[in-house]
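# What the coordinates show
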Number of protein chains: 2
Amino acid sequence: MGTRLTAKSAPPEEGQVTTGPIYRSRKVYNTVTHTNTDGSTTDLRIPARAIELTTGEDFEVYDTSGIYTEDNPQLDLKTGLAKTRDEWEKPEAAPASDEHPELKVKTQLAWARAGIVTPEMTFIAHREGFEPEFVRREVASGRAVITANHKHPEIEPMIIGRNFAVKINANMGNSAVTSSIAEEVEKMVWAARWGADTIMDLSTGNDIHETREWILRNSPVPVGTVPIYQALEKVNGDPTKLTWEIYRDTVIEQCEQGVDYMTIHAGVLLRYVPLTTERVTGIVSRGGSIMAAWCLDGHRESFLYTHFEELCDILASYDVTFSLGDGLRPGSIADANDEAQLSELKTLGELTRIAKSRGAQVMIEGPGHIPMHKIPINVEWEENWCDGAPFYTLGPLATDIAPGYDHITSAIGAAIIGQAGTAMLCYVTPKEHLGLPNRDDVKVGVITYKIAAHAADLGKSHPRAQERDDALSKARFEFRWHDQFALALDPDTALEYHDETLPAEPAKTAHFCSMCGPKFCSMRISQDIRDTYPAQLGMPGGPNRVVDADVQAAVEEGMKEMSEKFREHGGQLYLDEAEVEEEIQQAEGENASIN
Amino acid sequence: MGTRLTAKSAPPEEGQVTTGPIYRSRKVYNTVTHTNTDGSTTDLRIPARAIELTTGEDFEVYDTSGIYTEDNPQLDLKTGLAKTRDEWEKPEAAPASDEHPELKVKTQLAWARAGIVTPEMTFIAHREGFEPEFVRREVASGRAVITANHKHPEIEPMIIGRNFAVKINANMGNSAVTSSIAEEVEKMVWAARWGADTIMDLSTGNDIHETREWILRNSPVPVGTVPIYQALEKVNGDPTKLTWEIYRDTVIEQCEQGVDYMTIHAGVLLRYVPLTTERVTGIVSRGGSIMAAWCLDGHRESFLYTHFEELCDILASYDVTFSLGDGLRPGSIADANDEAQLSELKTLGELTRIAKSRGAQVMIEGPGHIPMHKIPINVEWEENWCDGAPFYTLGPLATDIAPGYDHITSAIGAAIIGQAGTAMLCYVTPKEHLGLPNRDDVKVGVITYKIAAHAADLGKSHPRAQERDDALSKARFEFRWHDQFALALDPDTALEYHDETLPAEPAKTAHFCSMCGPKFCSMRISQDIRDTYPAQLGMPGGPNRVVDADVQAAVEEGMKEMSEKFREHGGQLYLDEAEVEEEIQQAEGENASIN
């Protein structure tokens, strides 16, 4: 504890999890005062990671790692983290919607529509650098969700929506046999350490309930599940033996435990299954194939679809968010954007409207395997058909031909679909299609997806995204090696790679690296130029610019054109206040008629 | 020799290089008859890798690995590979251009303009699946280059152009001290084994000439260099001591040895240097910083610029291709698409026209570090200003914040710029910005860039690109594990990852993998569905499709819209015959006036 672990550090001892600060960083909490509906106030502690630069300044970054990266965290894995959100205000139930004013629910959506800024919204606003009112508006419009089950008070609230930083999810719990509490918790702690914004527990096998309990009680990030996996275990793996009642009871069991969002493949309809028969890879979603088998057996409609309103009311009563699953997503380049995929998506739009009318929060899962030129239109379809609900995609993989490197094939697709407006990206590890990810694979998957998400944030011109790039590049140009490592997404690996060829401490301040050596170091020469020829460069006082008129025009035209292209692609600038205002007035009009 | 090496196999013994076939593959040569200008014929042996599928079929893929992947290659590293191209016809010199009909040169460009299909063009056409006449037209237009020095007869010809498969380059020779012939050759053999289309020898230090000789004589792929590095060694590393004469002699020395293309930073003009002073990372190109220092010292214009015509005539006399360097490329997100970068690019356009008018082939180097939304317009600028000369980019990196993972940050940018029309992508390894790539890093860099290039080919709708994706996905769905590994870009790693959890041979035919296990295997369930419910699925005879009209419209509109978007981005379909025809008639008009 308190040691600064490196990437290659051995897994923690039995009964322990990875703790201690990340390289040259310390955990900080910024206190923010939230005003409750009754006028009283609550102090919220917003976590961040302060990177201690050699210049003496701190550089704070968004941090998902929970108390595990404190210097000396007080942990008890059996009881779990502090139930912080239990101390926060839970406002009175609000009307679910205009269509169903008779339903009163306690969900972030209903509260937002009622004009209430919850403690979660205040927390998120300060964490991401927006106004609390902006957060409320995005949630009210359904363009963003806050995945926070009332029964999961341990988490640090987090928002998923196209106008916020792109989030990433890491999948856990693939193994059927677990050896200890710590081992399962460690996977989650490890993923959150490197930046996972949510984790999904996809456990199968006998210990499914207990494993989930350990994860939930100790997770600082929201937890998602796919309840059909546990339901299938209850019928010994025979999809045709599933019933609505078994499924419903499983959902309630998981809601009670504190699961924050659930993948529900309610769009796999009987009539869509034949659309998959000419595909190269058929149905590649586990939940999708289970439901397809159930529908075909007895030629009946999916119980998830026929009982959807009931599901909505269960989930809304806990404020569990729907993650409407894409059971018919394409599993190969050949199957991308086909009728099966789009038919299901259209049905998910129908279900989105039902869920929201009953006050439940909704996001939509997306593909899969899609070639680059077919990616952006997926976001357009999703936003048009599903009323702008947040999109949550698996990759997509931009090619099928690189098993062993599918974190990379999918990072290409993920960055592109993120730039186009996808709100959360589900990671893919190097073991995808091949085997179970180990500790290193999980980290590589998380870091790779932090890259994709950040590239997308830059590509969307997120107002604060470039600050970290600039800080790191400035450190690079000034040969502040320690700062360069510390500002990196994975300081341990950056340090390790540097030290492979130049391990000595003086190399950490040297004005070159092993790549080019001192004689060929362009940055050193570039700095020498500035030192040697200040007059010729017109410094100080700014350089004597001599710019070609065509170039000047191109730079300006480029900025304009990029912005237009961005919009064409369904892009939307952050904080487009006019547009938001219009939508909100509409939403508030609805509320006015309700109240 | 002859053993099927795995990714993790130890480096070869002293004096040896990695040889033997890739997993379940054999080297094949397809014979094609080329007709010479005098009507005689020459048989050309086109290399390919035949993947032996368990279905009994072969699947042939483009192969850059040379004889090293033969079962029992006859190697003598000291004498090098067979000088095959010396036996091919070299047609008479042809007029350089309309502007300079007095210059007669033997370059692929001049021959193509004169209507001559060279053996290299025939070879390339069959290797890539196009008509030889199409290859000639692309070269004649300057949209493609064939990097093949007359003095480098050992190489297997290869084309770089936006209407061909996207190519990748791997950099070599960063270390100053080398221990043996084999060690240097091995780096090249290893990169070519995994798919490098060209390699660049960036050696510095004392043994620069000899190292290059070993590489050139043994390389099956074209070799590029940056002559200023060797020139700088000749003046003991002081840029201000460089002279045109020293540089020119170095270029001639390298042309004589057989270098196929050269990075020449002739666009770094004196007046552009001050444009870099307000940048976050200044000048990050080694060649660029050297030339900037030279220009500022004495306030003089670059000798590369002032002597450019002379350079053209030297390079054209060997048919060495210009790779006009981007000495002022941005080295950080903050500096992307700025005046310094664009000013240089505009000058490169001017130089392109001079070089082509003197019969020399030209490609243009590009950035660097660029956020996603600013990438595609780079290709538009390059094509507009540089008359469509092939673009050859380093990445670009889509974010600065992930040192240790810059193969991934740059693969995102590379795939996007490749889709937009870039013809060749220079790889980036995980060690970028940190240290020297080792054997594993080189492989990871090459495979990552094969992914980016292939994703771009798919994104550009290259007519044959999807065949391999389909073959692999079909193997995946049919649980032909060995075929899935063999069709992968890196079979050894795919196999290794699979075997980590399921090493037994029966698992290679099992209808599930360790990720989900048999009960949750969607593909198995999906296959069971097809087997169990043929009638319900309307099989055989095609499924009973029930498709929503909106979905049908979306699928069709999607195809149309994608195609439009593609064109908006400067994209161009392969074999757009009408457009090509028009340009060629123009070009032939020029030739008509010459001849």
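Thresholds, definitions, all that
- Residues numbered from 1 in each chain as written.
- Chains lettered and ligands numbered in written order.
- Predicted model: local features only at pLDDT ≥ 70, side-chain atom pairs only at ≥ 80, totals over all residues.
- Heavy atoms only, no water.
- Helix = DSSP H or I, 4+ residues; strand = E, 2+ residues; numbered from the N terminus.
- Buried < 20%, exposed > 50% of the residue type's maximum accessible area, 1.4 Å probe, protein only.
- Contact = heavy atoms within 4.5 Å.
- Buried area = accessible area lost by both parts, 1.4 Å probe.
- Salt bridge = Lys/Arg side-chain N within 4 Å of Asp/Glu carboxyl O.
- Least-squares fit on C-alpha atoms with pLDDT ≥ 70 in both.
- Pairing = 2+ DSSP bridges.
- Axes fitted to C-alpha atoms, helices over the stretch in contact; angles between N-to-C directions.
- Parallel < 35°, antiparallel > 145°, perpendicular 65-115°, else oblique.
- Left-handed = near helix turned anticlockwise from the far one by under 90°.
- Phe/Tyr/Trp six-rings, centres within 6.5 Å; stacked < 30°, edge-to-face > 60°.
- Expected span 1.5 Å × (residues − 1).
- Polar contact = N/O pair within 3.5 Å; in protein donor to acceptor, adjacent residues only side chain to side chain.
- Nonpolar A, V, L, I, M, F, W, Y, C, P; charged D, E, K, R; others polar.
- Core = buried A, V, L, I, M, F, W, Y, C linked by side-chain atoms within 4.5 Å.

With that settled, consider the overall build of chain A. Each helix and strand in chain A was counted, giving 20 helices and 15 strands. Within chain A, buried positions represent 68% of all 595 residues. Restricting to contacts in chain A with at least 6 residues of sequence separation, those with at least 24 account for 72%.

In this section: the interface of chain A and chain B. Chain A puts 141 residues into the contact, and the matching count from chain B is 141 residues. Summing the contributions of chain A and of chain B, the shared interface buries around 12000 Å²; its carbon and sulfur component is 65%. Here chain A and chain B share six salt bridges between them. As a salt-bridge pair, glutamate 500 of chain A and lysine 431 of chain B come within 2.8 Å of each other at their nearest N and O atoms.

Turning to the relation of the copies chain A and chain B, a few remarks are in order. Superposing the two chain copies requires a rotation about an axis and a translation along that axis. Structural alignment of chain A on chain B gives an RMSD of 0.0 Å, achieved by rotating through 180° and translating 0.0 Å along the axis. One copy is carried onto the other by what is essentially a two-fold rotation axis. In terms of proximity to the rotation axis, the leading residue of chain A is isoleucine 412 of chain A, whose C-alpha is 2.4 Å off the axis. Interface overlap between copies is the fraction of interface residues in one copy that are interface residues in the other; for chain A against chain B it reaches 100%, indicating a shared surface.

It is worth spelling out the sheet that holds strand E13 (residues 362-366) of chain B at this point. Two strands in a sheet stick together by hydrogen bonds in their backbones, pointing the same way (parallel) or opposite ways (antiparallel). All names here are of chain B. A barrel is described by the order of its strands in space; here eight strands give the closed sequence E8-E9-E10-E11-E12-E13-E14-E15, paired in parallel fashion. Adjacent strand axes in the sheet meet at a mean angle of 25° when their direction is disregarded. Looking at chain direction, strand E8 (residues 167-172) and strand E15 (residues 424-426) are connected through three bridges and run parallel. The partner of lysine 167 across the bridge, within E15, is methionine 424. Those strands touched by helix H10 (residues 308-318) are strand E11 (261-264) and strand E12 (321-324), and its axis lies near 140° from that of E12. Together, E8 and E15 form the strand contacts of helix H14 (residues 439-459), whose direction differs from that of E8 by roughly 165°.

This paragraph deals with the packing of helix H6 (residues 227-234) of chain A against helix H7 (residues 244-257) of chain A. Residues and elements named next belong to chain A. Between H6 and H7, whose axes approach to 9 Å, the crossing angle comes to 125°. Between H6 and H7, the angle falls in the class oblique. Considering only the axes of H6 and H7, their crossing is right-handed. Only Ile246, Tyr247, Thr250, Val251, Glu253 and Gln254 of H7 make contact with H6, whose side of the interface consists of Pro227, Ile228, Gln230, Ala231 and Lys234.

Here we come to the pairing of strand E3 (residues 58-61) of chain A. Residue and element names in this part refer to chain A. The alternating pattern of E3 places Phe59 and Val61 on a buried face, while none of Asp58 and Glu60, on the opposite face, is buried. For strand E2 (residues 41-52) and E3, the ladder comprises four bridges, and the chain directions are antiparallel. Following the sheet pairing, arginine 49 is matched in E3 by valine 61. Linking E2 to E3, which pair antiparallel, is a turn of five residues; within it glycine 56 sits at a positive phi near 95°.

Residues and elements named next belong to chain A. Here we have three strands laid out as an open sheet, ordered E1-E2-E3, and antiparallel in their pairing. With partners counted over all chains shown, the strands left at the sheet margins are strand E1 (25-35) and E3, one partner each. For this sheet, the mean inter-axis angle between neighbouring strands, taken without regard to orientation, is 40°. Of the strands in this sheet, E1 and E2 touch helix H2 (residues 119-128), which is tilted by about 25° from E2.

A separate point is the packing of aromatic side chains. For any pair of aromatic rings, the description consists of the separation of the ring centres together with the inter-plane angle of the planes. Residue and element names in this part refer to chain A. Counted under the stated rule, the structure contains 24 aromatic pairs over all chains. Here tryptophan 481 and phenylalanine 485 contribute two aromatic rings whose centre-to-centre distance is 6.1 Å and whose plane-to-plane angle is 40°, an arrangement assigned as tilted. Residue tryptophan 481 and its partner phenylalanine 485 are both found in helix H16 (residues 481-487); the two are separated by four residues, about one turn of the helix. In terms of burial, tryptophan 481 and phenylalanine 485 fall into one category: buried. Here the aromatic residues Tyr23, Trp481 and Phe485 are joined through ring pairs into a cluster of three or more.

This paragraph deals with H14 of chain B. Given 3.6 residues per turn, any residue in an α-helix points the same way as the ones three and four places further on. All names here are of chain B. For H14, which comprises 21 residues, the first-to-last C-alpha distance of 30 Å matches the rise-based estimate of 30 Å (1.5 Å per residue) to within 8%. Burial analysis of H14 places 19 of its 21 residues in the buried class, the great majority of the element. If you check the start of H14, you find a side-chain oxygen 3.0 Å away from the backbone N of aspartate 440, and it comes from asparagine 438. Following H14 by one or two positions, serine 461 has its phi on the positive side, about 60°.

Residue and element names in this part refer to chain B. Running from N to C, helix H5 (residues 208-218) and helix H7 (residues 244-257) cross one another at 30°; their axes reach a closest spacing of 10 Å. By the criterion of interaxial angle, the relationship of H5 to H7 is roughly parallel. Note that H5 runs across H7; the crossing there is right-handed. For the pair H5 and H7, contact is made by His209, Arg212, Glu213, Leu216 and Arg217 and by Glu253, Gln254 and Gln257, respectively. For the contact of H5 with H7, the class distribution of residues is one nonpolar, three polar and four charged.

Before going further, it helps to spend a moment on unusual backbone geometry. Residues and elements named next belong to chain B. Following proline 367, the chain continues into glycine 368 via a peptide bond in cis, with omega recorded as 5°. Looking at where glycine 368 falls in the secondary structure, it is placed in the loop between E13 and helix H12 (376-385). With an omega of 5°, the peptide bond running from glycine 395 to proline 396 counts as cis. Within the fold, proline 396 resides in the loop between strand E14 (391-394) and helix H13 (406-419). Backbone geometry places aspartate 319, a non-glycine residue, at a positive phi of 55°. Look at aspartate 387: it is not a glycine, yet its phi comes out positive at around 55°. Relative to the helices and strands, aspartate 387 resides in the loop between H12 and E14.

This paragraph deals with the nonpolar core. Residues Tyr247 and Phe322 of chain A together with Tyr247 and Phe322 of chain B are the most contacted members of the largest nonpolar core, which totals 277 residues. Look past the residues within four positions of tyrosine 247 of chain B in its chain and what remains in contact with it is Pro227, Ile228, Ala231, Thr263, Ile264, Phe303, Leu304 and Leu311 of chain B.

Residues and elements named next belong to chain B. This model, assessed by the stated rule, comprises 68 salt bridges over all chains. In this structure, the salt-bridge partner of arginine 26 is glutamate 52, at a minimum N-O distance of 3.1 Å. Highlighted residues: arginine 26 in strand E1 (residues 25-35) and glutamate 52 in strand E2 (residues 41-52), separated in sequence by 26 residues. The partly exposed category is assigned to arginine 26, whose relative accessible area is 33%.

Functional significance is not addressed by these values, which are geometric in nature.
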